[in-house]
Amino acid sequence: DAGVIQSPRHEVTEMGQEVTLRCKPISGHNSLFWYRQTMMRGLELLIYFNNNVPIDDSGMPEDRFSAKMPNASFSTLKIQPSEPRDSAVYFCASSSDIANQPQHFGDGTRLSIL
Amino acid sequence: EDKVVQSPLSLVVHEGDTVTLNCSYEVTNFRSLLWYKQEKKAPTFLFMLTSSGIEKKSGRLSSILDKKELFSILNITATQTGDSAVYLCAVFYGGGYNKLIFGAGTRLAVHP
């Protein structure tokens, strides 16, 4: 079975550019989560969706960050304009919304903003 | 404030040693506690614990939950170099939709 698929694996871009990260959840999973991981702050939940609807975006750091889930098999996380402090590994995870189902993670996108 | 605290933050052992990793939590409406292993890429799921005192085992790894004292331990016996990783503890809390809060992780290095 295919796991959570993220693209790109690595992204290096200059400050001020728009960055778009992509995620395809596991088929049949109706909850999708975006996380950011840094050495200083560990794994932080940015936003999560259930049945394509954003449920909680309280972890989104500021208005430069936005996320969409246009259908059950695709989500994007966009940063515009990007800043060096956005450099991190961004993970997407998915799960069933049945109570207490573990989240399954993609391999992440390593983002470097110069 | 909801939080998950892991200790130690890092640990260096030799192959064959036994290690114990700790996780304590303070969250509203606790539901379950999960352990993940993170090598170079994605965190991979190890265990989920919902009830106190029931040990979960998988090979050389085992874990147990104490809901009265609000902590869990992850034991690894006869460690191998392949056990080197960051071990993350996470807790389901609050309402629905399986929202997790993660600890900072324990970085384990197993030397030959």
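Scroll up to find the structure.
Cut-offs applied
- Residues numbered from 1 in each chain as written.
- Chains lettered and ligands numbered in written order.
- Predicted model: local features only at pLDDT ≥ 70, side-chain atom pairs only at ≥ 80, totals over all residues.
- Heavy atoms only, no water.
- Helix = DSSP H or I, 4+ residues; strand = E, 2+ residues; numbered from the N terminus.
- Rg over C-alpha atoms; globule rule 2.2 N^0.38 Å.
- Buried < 20%, exposed > 50% of the residue type's maximum accessible area, 1.4 Å probe, protein only.
- Pairing = 2+ DSSP bridges.
- Axes fitted to C-alpha atoms, helices over the stretch in contact; angles between N-to-C directions.
- Disulfide = S-S within 2.5 Å.
- Phe/Tyr/Trp six-rings, centres within 6.5 Å; stacked < 30°, edge-to-face > 60°.

Caption draft 1: Examining the overall build of chain A more closely. What chain A contains, in helices and strands, is zero helices and 11 strands. Secondary structure elements of chain A, listed N to C terminal, follow the sequence β-β-β-β-β-β-β-β-β-β-β. Computed over its C-alpha atoms, the radius of gyration of chain A comes to 13 Å, within 12% of the 13 Å expected for a compact globule of 114 residues. Along the first, second and third principal axes, the C-alpha atoms of chain A reach 40 × 30 × 30 Å.

Caption draft 2: Geometry of the pairing of strand E11 (residues 109-113) of chain A. Residues and elements named next belong to chain A. Residues Thr109, Leu111 and Ile113 of E11 are buried on one face, while the alternating residues Arg110 and Ser112, pointing to the opposite face, are not. Of the strand pairs in this sheet, strand E2 (residues 10-13) and E11 are connected by four bridges, and their pairing is parallel. Paired with histidine 10 across the strands is arginine 110, a residue of E11. Here strand E9 (residues 88-95) pairs with E11 via three bridges, running antiparallel. Bridge pairing in E11 places alanine 88 opposite leucine 111.

Caption draft 3: Up close: the sheet that holds strand E7 (residues 65-71) of chain A. Residue and element names in this part refer to chain A. Pairing is antiparallel across the open sheet formed by four strands, whose spatial order is E1-E3-E8-E7. Of all the strands in the sheet, just strand E1 (5-7) and E7 have a single pairing partner and so form its edges. Neighbour to neighbour, the strand axes of the sheet diverge by 15 degrees on average, direction disregarded. Sheet topology places E7 next to strand E8 (residues 74-79); five bridges connect them, and they run antiparallel. Paired with lysine 68 across the two strands is threonine 76, which belongs to E8.

Caption draft 4: Layout of the state of the cysteines. Residue and element names in this part refer to chain B. Going through the model one piece at a time under the given rule, you end up with two disulfides over all chains. Note that cysteine 23 is cross-linked by a disulfide to cysteine 89, the S-S spacing being 1.9 Å. Taking the sign of the S-S torsion, about -70 degrees here, the bridge from cysteine 23 to cysteine 89 comes out left-handed. With a gap of 66 residues between them, cysteine 23 in strand E3 (residues 19-26) and cysteine 89 in strand E9 (residues 85-92) connect regions that are remote in the sequence.

Caption draft 5: The packing of aromatic side chains, seen in detail. The tally for this structure, following the rule as stated, stands at 10 aromatic pairs over all chains. Each ring, one from tyrosine 35 of chain A and one from phenylalanine 105 of chain A, has its centre 5.4 Å from the other, and the planes form 35 degrees; the classification is tilted. With tyrosine 35 of chain A in strand E4 (residues 31-38) and phenylalanine 105 of chain A in strand E10 (residues 104-105), this residue pair connects regions lying 70 residues apart in the sequence. A residue is classified by how much of its surface remains accessible, and phenylalanine 105 of chain A, at 9% relative accessible area, is buried. Summarising the aromatic geometry, the rings of phenylalanine 91 of chain A and phenylalanine 105 of chain A are spaced 6.1 Å apart at their centres and angled 80 degrees between planes, so their arrangement reads as edge-to-face. Of this pair, phenylalanine 91 of chain A sits in strand E9 while phenylalanine 105 of chain A sits in strand E10, and the two are 14 residues apart along the sequence. Each member of the pair phenylalanine 91 of chain A and phenylalanine 105 of chain A is classed as buried. Here the aromatic residues Phe33, Tyr35, Tyr48, Phe91 and Phe105 of chain A together with Tyr36, Phe45 and Phe102 of chain B are joined through ring pairs into a cluster of three or more.

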